[in-house]
Amino acid sequence: MIVALKVDVDTDRGTREGVPALAALLEEFSAPASFLFSLGPDNTGKAIRRVFRPGFFQKVSRTSVVKMYGIRTLLNGTLLPAPHIGQRHADVMRKIAASGFETGIHCNDHFKWQDYLSEMSLDEVREEFDRALKEYRRIFGHDAATAGAPGWQATANSRQVYDEAGFLYASDTRGESAFFPQMEGRVFKTLEIPSTLPTFDELLGRPEFPDEKIAPHYVNLLRSDRPNILTIHAEIEGMMKRPLFRELLAAFTENGVRFVRMDDLAREILADRERLPVQPLVMAEIDGRSGQVATQGVA
Ligand SMILES: [Zn+2]
């Protein structure tokens, strides 16, 4: 069984503390992973409106949201100025690349992309994404080859800017297998590799999933007929839930899982380009998450 780990890094604190801790844990298990960074201002505090809106983190209590992110992070961009993550933590990011992990773009401003992408014009999307592309280039000295959006958001505009960036692949959606996305009657050329497994925050806090049932549940979900893609968060699996994530890595290893990098997987998938399906990218609701997320539709 093959597992690819995609790490979303959302916040200043998650970059500073969660990323190195997660990298050390992954190295212990010789597990490669792909770190997608938030490169611009940390405006997490502005998302507090969404965090406290009914429905967000449906099954998780709001006090645990505060515990998970820390009060400081929840004030960034509101009572506290928004720290610029790329400017403050370029060294952390470069170290991740130097350690052999894949790196890519999560966003410029997480709050903006997650909450406003659907309302942004093509020019606005291009301008916002260009900030992330430029910051990535400044930090790593070369162009980014991938992105995965905050909050599983995707629009025809965002997929167009991915195409313009000439990415190897992207990973915005939830689904079953790789495809070329179709939206608004257009087919986009950047391969989409969906996350196939639920995220920790979709399971945590549910009465049917106490911590001790999490790792066995994931092992049960693994498929041997296709790659399994799991998205984790520097702020969750790299911080408060690191012991539980260690348990999961141990369970995967015990069950003979082989960890692969997303970009290696993408190259392998693209070798058979002609046989890859074009499928609609559809915004829909999924279990354990509020609002609409990008999903792999049926052709
Ligand atoms: Zn995120």
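Student: Could you give an account of the overall build of the protein, with specific residues and numbers?
Tutor: What the protein contains, in helices and strands, is 13 helices and eleven strands. Relative to a compact globule of 299 residues, whose C-alpha radius of gyration would be 19 Å, the protein shows 18 Å and is just as compact. Across its three principal directions, the C-alpha atoms of the protein cover 45 × 45 × 40 Å. The buried share of the protein, taken over its 299 residues, is 57%. Summarising the internal contacts of the protein: among those between residues at least 6 apart in sequence, 73% fall at separations of at least 24. Of the side chains in the protein, 37 bear a positive and 42 a negative charge, and the two mean positions are spaced by 3 Å.

Student: Describe the coordination of the zinc ion, listing the residues and the values that go with them.
Tutor: For the zinc ion, every protein donor is listed as D10 (OD), H106 (NE2) and H110 (NE2), and the spread of their distances is 2.1 to 2.2 Å. Counting the intervening residues between successive donors of the zinc ion yields the motif D-x95-H-x3-H. Of the two residues, D10 is situated in the loop between β1 (2-9) and α1 (12-28) and H106 in strand β3 (residues 102-107); the sequence distance between them amounts to 96 residues. D10 sits in the buried class, given a relative accessible area of 9%.

Student: So what's going on with the side chain of S34? Residues and values would help.
Tutor: In this fold, S34 is placed in strand β2 (residues 34-38). Its relative accessible area of 1% is what places S34 among the buried residues. Here the side chain of S34 touches E102 through a polar contact of 2.4 Å, side chain to side chain. Side-chain polar atoms of S34 contact the backbone nitrogen of M262, separated by 3.5 Å.

Student: Kindly report on the side chain of D8, identifying the contributing residues and their values.
Tutor: Assignment of secondary structure puts D8 in strand β1. Of note is the side chain of D8, whose polar atom sits 3.2 Å from the side chain of K6. Every residue in contact with D8, bar those within four places of it in the chain, is listed here: L36, H106, T231, I232, H233, A234 and E235.

Rules behind the numbers
Residues numbered from 1 in each chain as written. Predicted model: local features only at pLDDT ≥ 70, side-chain atom pairs only at ≥ 80, totals over all residues. Heavy atoms only, no water. Helix = DSSP H or I, 4+ residues; strand = E, 2+ residues; numbered from the N terminus. Rg over C-alpha atoms; globule rule 2.2 N^0.38 Å. Buried < 20%, exposed > 50% of the residue type's maximum accessible area, 1.4 Å probe, protein only. Contact = heavy atoms within 4.5 Å. Lys, Arg positive; Asp, Glu negative; His and termini not counted. Charge placed at Lys NZ, Arg CZ, Asp CG, Glu CD. Donors = N, O, S within 2.8 Å, 3.2 Å for Na, K, Ca; no water. Polar contact = N/O pair within 3.5 Å; in protein donor to acceptor, adjacent residues only side chain to side chain.

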